[in-house]
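Residue-level structural notes
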Amino acid sequence: NGQSERILGSALAERRSEVYIATKLWPLHALRRQVIPSLKRSLDRLGMSRVELYQFHWPNPVVPLSWTMGGIRDAREAGLTVDVGVSNFGLARWQQADVALGSPVISNQVPYNLVQRDAERELIPFAQTEDRLILAYSPLAQGLLSGRYTLENLPGGFRRANRLFLPGNIGRIQPVFEVLSEIANAHQVTPAQIALAWTIRQSRVVAIPGAKSVWQLEQNAEAADIDLSLD
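Residues numbered from 1 in each chain as written. Predicted model: local features only at pLDDT ≥ 70, side-chain atom pairs only at ≥ 80, totals over all residues. Heavy atoms only, no water.

The next point concerns the overall build of the protein. Within the protein, the secondary structure is distributed over 9 helices and 6 strands. Scaling as 2.2 N^0.38, a compact globule of 231 residues should have a C-alpha radius of gyration of about 17 Å, and the protein matches this with 19 Å. Judged by the C-alpha coordinates and their principal axes, the protein covers about 50 × 40 × 35 Å. A buried classification covers 43% of the 231 residues belonging to the protein. Excluding contacts between residues fewer than 6 apart, the proportion of contacts in the protein whose partners are at least 24 apart in sequence is 69%. Just so you have it, the protein exposes about 12,900 Å², and 52% of that area is on carbon and sulfur atoms. Each charge class in the protein was averaged separately, 24 positive and 22 negative side chains, and the resulting centres sit 10 Å apart. (Helix = DSSP H or I, 4+ residues; strand = E, 2+ residues; numbered from the N terminus. Rg over C-alpha atoms; globule rule 2.2 N^0.38 Å. Buried < 20%, exposed > 50% of the residue type's maximum accessible area, 1.4 Å probe, protein only. Contact = heavy atoms within 4.5 Å. Areas by Shrake-Rupley, 256 points an atom, 1.4 Å probe, with all protein chains shown as cover. Lys, Arg positive; Asp, Glu negative; His and termini not counted. Charge placed at Lys NZ, Arg CZ, Asp CG, Glu CD.)

The next subject is the pairing of strand β4 (residues 107-111). With 4 of its 5 residues buried, β4 lies for the most part within the structure. As defined by bridge partners, strand β3 (residues 81-87) adjoins β4 across 3 bridges and the pair is classed as parallel. Looking across to β4, one finds that G85 is bridged to S107. Crossover connection from β3 via helix α4 (residues 91-101) to parallel β4: handedness right-handed. (Pairing = 2+ DSSP bridges. Right-handed = clockwise from strand over helix to strand, strands pointing away.)

It is worth spelling out the packing of helix α1 (residues 3-12) against helix α2 (residues 32-46) at this point. Following both chains from N to C, one finds α1 and α2 inclined at 45°, their axes separated by 7 Å at the closest point. Judged on the interaxial angle alone, α2 and α1 are oblique. Counting all contacts with α1, which are made through E5, R6, L8 and G9, the residues of α2 involved are S42, R45 and L46. When grouped by side-chain class, the residues that make up the contact of α1 with α2 number 2 nonpolar, 2 polar and 3 charged. (Axes fitted to C-alpha atoms, helices over the stretch in contact; angles between N-to-C directions. Parallel < 35°, antiparallel > 145°, perpendicular 65-115°, else oblique. Nonpolar A, V, L, I, M, F, W, Y, C, P; charged D, E, K, R; others polar.)

This part covers the environment of F126. Looking at the element boundaries, F126 is found in helix α5 (residues 123-130). By relative accessible area, which is 11% here, F126 ends up buried. Along the primary structure F126 and W198 are separated by 72 residues, whereas in three dimensions their C-alpha atoms are 19 Å apart. In contact with F126, not counting residues within four places along its chain, are L91, W94, Q95, D98 and R132.

To continue, consider unusual backbone geometry. Unusually for a residue other than glycine, Q188 sits at a positive phi of about 60°. By secondary structure assignment, the location of Q188 is in the loop between α7 (174-187) and α8 (191-199).

The next thing to look at is the packing of aromatic side chains. Inspection of every chain in the model, using the stated rule, returns 3 aromatic pairs. Their ring planes at 70° and their centres at 4.9 Å tell us that W94 and F126 sit as a pair that is edge-to-face. Here W94 is found in helix α4, whereas its partner F126 is found in helix α5, with 32 residues between them in sequence. Across the pair, exposure class does not vary: W94 and F126 are buried alike. A ring pair is formed by Y112 and W198, whose centres lie 5.5 Å apart and whose planes are at 35°; its orientation type is tilted. In this pair, Y112 is assigned in the loop between β4 and α5 and W198 in helix α8, connecting sequence segments 86 residues apart. Residue Y112 is classed as buried on the basis of its relative accessible area, which comes to 0%. Over the ring of W198 we find R201; its NZ or CZ atom is 4.1 Å from the centre of that ring. (Phe/Tyr/Trp six-rings, centres within 6.5 Å; stacked < 30°, edge-to-face > 60°. Lys NZ or Arg CZ within 6 Å of the ring centre and 35° of its normal.)

To continue, consider the pairing of strand β2 (residues 51-56). In terms of residue burial, β2 counts as a mostly covered element, since 6 of its 6 residues are buried. As defined by bridge partners, strand β1 (residues 22-25) adjoins β2 across 4 bridges and the pair is classed as parallel. Residue pairing for β2: L25 is matched across the bridge by F56. In this view, the connection linking β1 to its parallel neighbour β2 by way of α2 has right-handed handedness. Strand direction decides the pairing type here: β2 and β3, joined by 5 bridges, are parallel. Residue pairing for β3: L53 is matched across the bridge by D83.

As structure tokens, this is what we get:
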């Protein structure tokens, strides 16, 4: 219900000029006439007059993409956003979004990590060739690559239904985690930090990991300083 936007707006009120803010359009608000009102509600919660990046969160299968991107174009022309992005789009739909917007859609937010590598087939090469960005979400595979979870310690909540955490897959990930641990020991960092450093090793890829504490936030940020060899 917009609570994260309220928190972010409050935290950044005095530092607005220092940040690049992104938020999303929910697919239930995909009609052209819904886009600007939805973005204005986000801006009210943020306490700001514009965002730098407005992203269409997920394709809506029953609303033509041209309608949604037309609404986002209206929002950009009204000065409510600067850049436009999408999330969970395949390459063909990403290119269709370019056409519908009438200009490049600069980013695509998709899952990408050591065990979910579909983005390497088409999306990352496209981003590198066309000067776009891949925003990698779940770069730690919802915690699987942290090494925290084992057959004796499976996650609860929504992650329990994720196929990554099926007992068979927990077993299959162990050789990967052993290599992560070996490399982490060589760098004197954590396996999670190595997994993050691996994700951003390619050009035009940035990671957006979650954090539940200041310590985790700092650990995530420090991963950007790890220089992994190609080997």
